[in-house]
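Structure at a glance
One-letter residues, chain by chain:
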Amino acid sequence: MVDGNGGDMPLGRHRSRQGPKPAEGVTAGAPASGSSSLAPPGQRRVVSATPPVYEAPLELIQGLITPTAFFFLRNHYSTPIIDPKTWRLRIEGSAVERPVELNYDDILNMRSRSQLTLVECAGNGRSLYGTFGGRPAPGAAWRLGGVSVGEWTGVSLAEVLNQAGVKSTGIDVLLEGEDEGEVARPIPLKVAMDPGTILAYALNGEFLPPEHGFPLRAIVPGWTGISSIKWLGRIAVEDRPIKTRYNTDQYVLKGPEYPDNPPVMHYGVKSAVALSWNATVPSGIRTVRGFAWSPYGRITRLEYSLDEGKIWAEARLLEPNTPFAWTRWEITWPASPGNYTIITRATDEAGNTQPDRMPWNDLGYLYHAVVPHPVQVV
Ligand SMILES: Nc1nc2c(c(=O)[nH]1)N[C@H]1C(S)=C(S)[C@@H](COP(=O)(O)O)O[C@H]1N2
Ligand SMILES: [Mo]
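Report on the accompanying structure. (Residues numbered from 1 in each chain as written. Chains lettered and ligands numbered in written order. Predicted model: local features only at pLDDT ≥ 70, side-chain atom pairs only at ≥ 80, totals over all residues. Heavy atoms only, no water.)

Around ligand 1, a shell composed of 19 residues is seen, among which Phe72, Asp179, His212, Arg217 and Lys230 lie nearest. At 3.0 Å, a backbone N or O of Arg74 approaches an oxygen atom of ligand 1. Residue Arg217 places a side-chain N or O atom 2.7 Å away from an oxygen atom belonging to ligand 1. Burial of ligand 1 by the protein amounts to 100% of the accessible area it has alone, namely 540 Å². Here ligand 1 occupies the largest cavity. Among the residues forming the shell around ligand 1, the class breakdown is nine nonpolar, six polar and four charged. (Near = heavy atom within 4 Å. Polar contact = N/O pair within 3.5 Å; in protein donor to acceptor, adjacent residues only side chain to side chain. Areas by Shrake-Rupley, 256 points an atom, 1.4 Å probe, with all protein chains shown as cover. 1 Å grid on protein atoms, 1.4 Å probe; cavity = no way out; pocket = protein on both sides within 12 Å on 5 of 7 lines; lining within 4 Å. Sits in = over half its atoms within 2 Å of the grid points. Nonpolar A, V, L, I, M, F, W, Y, C, P; charged D, E, K, R; others polar.)

Following this line, the structure appears as structure tokens:
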């Protein structure tokens with residue numbers, strides 16, 4: 001604790017801390033600042049090189065968790081390299097009792113939790129407005145790989161906010177990044193206080209790579225990726241609605257159907273086939289796999305069609321089937337040579353399902369209509 005509230009943290013915590021423990025304090029165990037340059041995209045698809053926007057190669061993911069080397073990446077600016085020794089997280093605003101400043105050790109010394117949480121970019125699928133909707137949308141031309149599931153380890157945002165004392169007048173919580181453009185966006189206080197909303201310092205069992213938000217990022221289950229602010233430096237709890245360019249100008253729905261420009265909040269119910277785009281598969285009995293996800297509850301059904309939507313059948317859903325992650329599914333396909341599309345439609349426990357067509361919005365967000373995935377059997 002750098003300032004304020006020091007008495008709340010029993011010293012004994014230092015001896016009984018959970019979670020990854022730096023070998024000799026912060027600087028020995030954590031990545032040294034400046035030593036980690038941006039990993040090359042490897043098998044990720046480069047949607048944009050500068051700033052880096054890479055798709056996860058869904059066809060290579062065999063399990064529930066997206067390996068870190070495959071995790072999709074979406075930066076608005078270059079990756080900041082932050083020194084954990086000097087880094088501080090400030091918690092302030094009109095709706096806290098007392099501003100607090102925490103350092104990296106303070107965060108690592110708190111009770112930790114780990115959870116499987118999906119992160120999806122609001123723009124994921126944007127290129128499909130052009131491919132299937134007949135009208136290309138401007139912006140990063142994602143296909144369907146702007147989504148990944150990580151095992152995130154961190155601390156509950158509510159516990160961090162409680163150290164500053166949240167007033168009953170609180171409405172919105174601003175999460176602010178330390179990248180060049182100080183990317184910042186609010187979430188409602190009640191979302192911030194949800195136990196699933198965390199400040200994560202580790203991804204898939206290792207400290208965050210710089211590009212995914214080292215030293216600390218938010219993870220907001222069910223909300224599009226822009227809410228999961230990376231490289232956090234400041235959190236402000238305010239007693240009024242907060243506006244930034246990321247909830248008024250970008251990441252809002254614009255167009256004739258949306259005169260009020262509502263901010264994008266949750267992602268859509270969606271599914272994807274774990275095959276490359278324009279896949280070629282050898283004929284024979286094939287197992288085709290994929291993913292389905294919803295921000296509103298468990299996936300209960302995955303329907304598929306191999307004949308342009310005339311006949312539909314149900315895929316097998318694989319366990320574990322955890323809310324706020326994705327559910328894997330598979331189908332057995334006696335594939336004979338020819339050109340096909342695999343159309344998939346996910347449904348969740350609340351009955352939400354994927355539409356046939358996506359209504360237009362000017363910035364091309366939230367494409368979650370069913371997608372005919374092209375496959376050639378040879
Ligand atoms: N500070 C900051 N946080 C950010 C961003 C950013 O550019 N700056 N990009 C956001 C967007 S649009 C998405 S989709 C997710 C992507 O997270 P990832 O790169 O770890 O996959 O981070 C979000 N958090
Ligand atoms: Mo995003």
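Backbone phi values are negative for most residues with the exception of glycine, while trans is the configuration of most peptide bonds. Omega for the peptide link from Thr50 to Pro51 comes to -10°, which places this bond in the cis form. Turning to its location among the elements, Pro51 is positioned in the loop between β1 (45–48) and β2 (53–55). The peptide bond linking Phe214 to Pro215 adopts the cis configuration, its omega dihedral lying at 10°. Within the secondary structure, Pro215 sits in the loop between β11 (206–207) and β12 (217–219). The phi angle at Tyr251 is positive, at roughly 55°, despite the residue not being glycine. Structurally, Tyr251 is set in the loop between α6 (245–248) and β14 (270–273). (Helix = DSSP H or I, 4+ residues; strand = E, 2+ residues; numbered from the N terminus.)

This part is about the environment of Glu180. Within the element layout of this structure, Glu180 appears in the loop between β8 (172–177) and β9 (184–188). Distance in space between the C-alpha atoms of Glu180 and Ser78 is 7.5 Å, their sequence separation being 102 residues. In this view, Glu180 contacts Tyr77 and Ser78; residues no more than four positions away in its chain are not counted. (Contact = heavy atoms within 4.5 Å.)

Right, let's talk about the sheet that holds strand β15 (residues 279–281) for a bit. The mixed open sheet is built from five strands, whose spatial order is β15-β22-β21-β17-β18. A single partner strand is all that each edge strand has here, and the edge strands are β15 and β18 (313–314). Pairing of strand β17 (residues 299–305) with strand β21 (residues 338–348), which is carried by six bridges, proceeds in the antiparallel orientation. Its bridge partner lying in β21, Ser305 is registered against Ile343. (Pairing = 2+ DSSP bridges.)

Within the largest apolar cluster, 84 residues are counted, with the highest numbers of intra-cluster contacts made by Leu89, Leu199 and Trp326. At six residues, the largest contribution of residues to this core is made by strand β10 (residues 198–203). Excluding its chain neighbours within four sequence positions, the residues that come into contact with Trp326 are Leu58, Ile61, Leu64, Thr66, Leu118, Val147, Ser148, Val149, Phe291, Ala292 and Trp293. Ranked by size, the runner-up nonpolar core spans 20 residues in total, among them Val273, Ala292, Ala315 and Tyr340. (Core = buried A, V, L, I, M, F, W, Y, C linked by side-chain atoms within 4.5 Å. Buried < 20%, exposed > 50% of the residue type's maximum accessible area, 1.4 Å probe, protein only.)

Attention now moves to the pattern of salt bridges. Under the defined criterion, the tally for this structure stands at 14 salt bridges. Residue Glu303 is joined to Arg301 by a salt bridge in which the shortest nitrogen-to-oxygen separation is 3.6 Å. Among the salt bridges present, the one from Glu330 reaches Arg316, with a minimum N-O distance of 3.1 Å. On the criterion of sequence distance, the pair formed by Glu330 in strand β20 (residues 327–335) and Arg316 in strand β19 (residues 316–317) is long-range, its members being 14 residues apart. (Salt bridge = Lys/Arg side-chain N within 4 Å of Asp/Glu carboxyl O.)

Turning next to the environment of Met358. Following the sequence through the fold, Met358 ends up in the loop between β21 and β22 (371–377). Given the relative accessible area of 16%, Met358 is considered buried. With 229 residues separating them in the primary sequence, Met358 and Tyr129 have C-alpha atoms 7.8 Å apart. If we skip the residues at most four places from it in the chain, Met358 touches Tyr129, Leu366, Tyr367, His368 and Ala369.

Our focus in this paragraph is the side chain of Ser228. For Ser228, the location among the structural elements is in the loop between β12 and β13 (232–238). Taking relative accessible area as the criterion, Ser228 reaches 4% and is therefore assigned buried. Here the side chain of Ser228 touches Val220 through a polar contact of 3.1 Å, landing on its backbone nitrogen. Excluding its chain neighbours within four sequence positions, the residues that come into contact with Ser228 are Arg217, Ala218, Ile219 and Val220.

The subject of this paragraph is helix α4 (residues 157–164). For the α-helix, the turn length of 3.6 residues means that residues three or four positions removed from each other point alike. Most of α4 sits inside the fold, with six of its eight residues counted as buried. Buried within α4 are the following residues: Leu157, Ala158, Val160, Leu161, Gln163 and Ala164.

This paragraph deals with the pairing of strand β16 (residues 284–293). The sheet contact formed by β14 and β16 spans four bridges and is antiparallel. Residue pairing in the sheet places Lys270 in a bridge with Trp293 of β16.

Our next topic: the packing of aromatic side chains. Considering all chains together, one arrives at 14 aromatic pairs under this definition. An aromatic cluster is present here, built from Phe71, Phe72, Trp142 and Trp152 joined pairwise through their rings. (Phe/Tyr/Trp six-rings, centres within 6.5 Å; stacked < 30°, edge-to-face > 60°.)

A word on empty space enclosed by the protein. Taken as a whole, this structure holds two cavities of 30 Å³ or more when the rule is applied. Here the largest cavity is characterised by a volume of approximately 260 Å³. Lining of the largest cavity is provided by 19 residues; of these, Arg74, Arg217, Gly225, Ser228 and Lys230 occupy positions nearest its centre. A class-by-class count of the residues in the lining of the largest cavity yields 10 nonpolar, five polar and four charged. (Points joined across faces, edges and corners; volume = space filled by probe spheres on them.)

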